[in-house]
Amino acid sequence: MPEKQPSKPLHESVTLRNDPDEIRDAENKLLRAVERMGYSSASAFAVRLALEEAVVNGFKHGNRNRPGSTVKLEWSVDPDRIRILVEDQGIGFEPDQVPDPREPENLERPSGRGIMLMRAYMTRVEYSKSGNRVEMIYERPSSD
Amino acid sequence: MANQDSRLRVRKSDDVIHVEFVDRNILDEANIQQIGEEITQLIDGAPKPKLLISFSHVDHLSSAALGTLITIHNRIREKGGQLRLAEIDPQIYEVFVITKLNKLFEIHDDVERAMKSFA
């Protein structure tokens, strides 16, 4: 029998170490909440992709893979929207300064696609002024 | 000889190296790095490599995986070889379209068409 859709929003706040299993467990927990709230597999794909990119950016570019550094992940899933907040311990950056990887001169560069994919798959992506915290909102599409 | 810890399944058909991924999700940086190293070894072992990468079992990939594919593409081109991608799930193909990497890579629906496309 399919699981009943929760009547209240699901949410969690967790501090992640740069450990693949720990990160995967946290991602799977959010994806289970997305599924329980009745979102489609296309929505789950979008959330997983954006979350993966945000967390990897947090550790790699924000924390510069500093040993012992952490990334804070907060999320809430309700019937209409999903909110994900990822905060690293870095000094931040200017998201507008990241070159567009779709431009012909950048197409063969191996890096620099994470933020663009987050923006493409989420309804809204906003960085804090300090640049070390990103909030992503995914609104349930009418097709879900 | 098959390596038990390999992230790839590798077959050789005529002069084409056909690679499939073991993992359904190509996300972990360590795995992506290993995949890159294994494919680089295959490329370096052929004078003009013809490489076909099949995504038939892949459900998810990250921008880091795309980066490794670009590095592979650049290396094959340097050696005068050819790279084809095939059997990409529609959701993942959309990632290639959004990033415009469908313009950089030669992508085929199935392995048969990809094999026929090698010069």
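Criteria and thresholds
- Residues numbered from 1 in each chain as written.
- Chains lettered and ligands numbered in written order.
- Predicted model: local features only at pLDDT ≥ 70, side-chain atom pairs only at ≥ 80, totals over all residues.
- Heavy atoms only, no water.
- pLDDT = per-residue confidence, 0-100.
- Buried < 20%, exposed > 50% of the residue type's maximum accessible area, 1.4 Å probe, protein only.
- Helix = DSSP H or I, 4+ residues; strand = E, 2+ residues; numbered from the N terminus.
- Arc of directions from axis to C-beta.
- Contact = heavy atoms within 4.5 Å.
- Polar contact = N/O pair within 3.5 Å; in protein donor to acceptor, adjacent residues only side chain to side chain.
- 1 Å grid on protein atoms, 1.4 Å probe; cavity = no way out; pocket = protein on both sides within 12 Å on 5 of 7 lines; lining within 4 Å.
- Points joined across faces, edges and corners; volume = space filled by probe spheres on them.
- Nonpolar A, V, L, I, M, F, W, Y, C, P; charged D, E, K, R; others polar.
- Buried area = accessible area lost by both parts, 1.4 Å probe.
- Salt bridge = Lys/Arg side-chain N within 4 Å of Asp/Glu carboxyl O.
- Pairing = 2+ DSSP bridges.
- Axes fitted to C-alpha atoms, helices over the stretch in contact; angles between N-to-C directions.
- Parallel < 35°, antiparallel > 145°, perpendicular 65-115°, else oblique.
- Left-handed = near helix turned anticlockwise from the far one by under 90°.

Comments concerning the confidence of the model for chain B
Stage number 1. Averaged over chain B, the pLDDT score is 93; the fraction of residues at 70 or greater is 97%.
Stage number 2. Both confidence scores are given for the complex: pTM 0.93, ipTM 0.91.

Structural notes on helix α3 (residues 90-98) of chain B
Because each turn of an α-helix spans 3.6 residues, side chains separated by three or four positions in sequence point in the same direction.
Stage number 1. Of the residues making up α3(B), those classed as buried are I92(B), V95(B) and F96(B). Looking straight down α3(B), one finds its buried side chains confined to an arc of 100 degrees; they lie on one side.
Stage number 2. The inward-facing, buried residues of α3(B) contact α2 (41-62) and α3 (114-121) of chain A together with β5 (60-61), α2 (63-78), β6 (82-86) and β7 (107-108) of chain B.
Stage number 3. Near the N-terminus of α3(B), the side chain that reaches the backbone nitrogen of Q91(B), with its oxygen 2.8 Å away, is that of D89(B).

Re empty space enclosed by the protein
Residue and element names in this part refer to chain B.
Stage number 1. Within this structure, the stated rule accounts for one cavity of 30 Å³ or more.
Stage number 2. Reported here for the largest cavity is a volume of approximately 80 Å³.
Stage number 3. Listed by contribution, the elements that provide at least two residues to the lining of the largest cavity are α1 (29-44) and α2.
Stage number 4. Among the residues making up the lining of the largest cavity, the classes are represented as 10 nonpolar, one polar and no charged.

With respect to the interface of chain A and chain B
Stage number 1. Counting residues at the interface gives 22 residues for chain A and 25 residues for chain B.
Stage number 2. Taken together, both faces of the contact between chain A and chain B bury some 2000 Å²; the carbon and sulfur share is 59%.
Stage number 3. Our enumeration of links across chain A and chain B arrives at three salt bridges.
Stage number 4. Residue R24(A) pairs with D28(B) through a salt bridge whose shortest N-O separation is 2.0 Å.
Stage number 5. Between chain A and chain B we count four residue pairs in polar contact (both at pLDDT 80 or more) in total.
Stage number 6. Secondary structure elements with two or more residues in the side of chain A that touches chain B: α1 (20-36), α2 and α3 of chain A.
Stage number 7. Of the residues that constitute the side of chain A that touches chain B, the class distribution is 11 nonpolar, two polar and nine charged.

A look at the sheet that holds strand β1 (residues 10-17) of chain A
All names here are of chain A.
Stage number 1. Ordered by their spatial adjacency, five strands build an open sheet running β1-β2-β3-β5-β4, and the pairing between neighbours is antiparallel. Each edge of the open sheet carries a strand with a single partner, namely β1 and β4 (124-127). For this sheet the average axis-to-axis angle between neighbouring strands, irrespective of direction, equals 10 degrees.
Stage number 2. The pairing of strand β3 (residues 81-87) with strand β5 (residues 133-139) spans seven bridges and is classified as antiparallel. What sits directly across from I84, in β5, is M136.
Stage number 3. Sheet strands touched by α1: β1, β2 (70-77) and β3. Its angle to β1, the strand with the most contacts, is close to 170 degrees.

Details of the packing of α2(A) against α3(B)
In helix packing, the relevant descriptors are the interaxial angle and the interaxial distance, both defined with respect to the helix axes.
Stage number 1. Following both chains from N to C, one finds α2(A) and α3(B) inclined at 45 degrees, their axes separated by 11 Å at the closest point. The pairing of α2(A) with α3(B) is recorded here as oblique in orientation. The two elements α2(A) and α3(B) cross, and the hand of that crossing is right-handed. Residue-level contacts link S41(A), A42(A), F45(A) and L49(A) of α2(A) to Q91(B), I92(B) and V95(B) of α3(B).

Points about unusual backbone geometry
Residues and elements named next belong to chain A.
Stage number 1. Phi angles above zero are rare outside glycine, and R64 is one such case at about 50 degrees.
Stage number 2. By secondary structure assignment, the location of R64 is in the loop between α2 and β2.
Stage number 3. Here the phi dihedral of N65 falls at roughly 55 degrees; this positive angle occurs in a residue that is not glycine.
Stage number 4. With respect to the helices and strands, the residue N65 is situated in the loop between α2 and β2.
Stage number 5. Accessibility expressed as a relative area gives 41% for N65, which makes it partly exposed.

With respect to the pairing of β4(A)
All names here are of chain A.
Stage number 1. Burial along β4 is one-sided: V125 and Y127 are buried, and none of R124 and E126, which face the opposite way, are.
Stage number 2. Bridge count for β4 against β5 is four bridges, and the pairing is antiparallel. In the strand pairing of β5, R124 is matched with I137.
Stage number 3. The turn joining β4 and β5, which pair antiparallel and follow one another in sequence, is formed by five residues; a positive phi near 80 degrees is taken by G131.

Focus: the layout of surface pockets
Gaps left between atoms show up when a probe the size of a water molecule is rolled over them.
Stage number 1. If you add up the space inside the largest pocket, you get close to 890 Å³.
Stage number 2. Around the largest pocket, the lining comprises 42 residues; the ones closest to its centre are N57(A), K60(A), H61(A), S111(A) and G112(A).
Stage number 3. Among the secondary structure elements, those contributing two or more residues to the lining of the largest pocket are α2, α3 and β5 of chain A together with α1 and α2 of chain B.
Stage number 4. Among the elements that take part in the lining of the largest pocket, α2(A) stands out by supplying nine residues, more than any other.
Stage number 5. Partitioned by chemical class, the residues of the lining of the largest pocket number 15 nonpolar, 17 polar and 10 charged.

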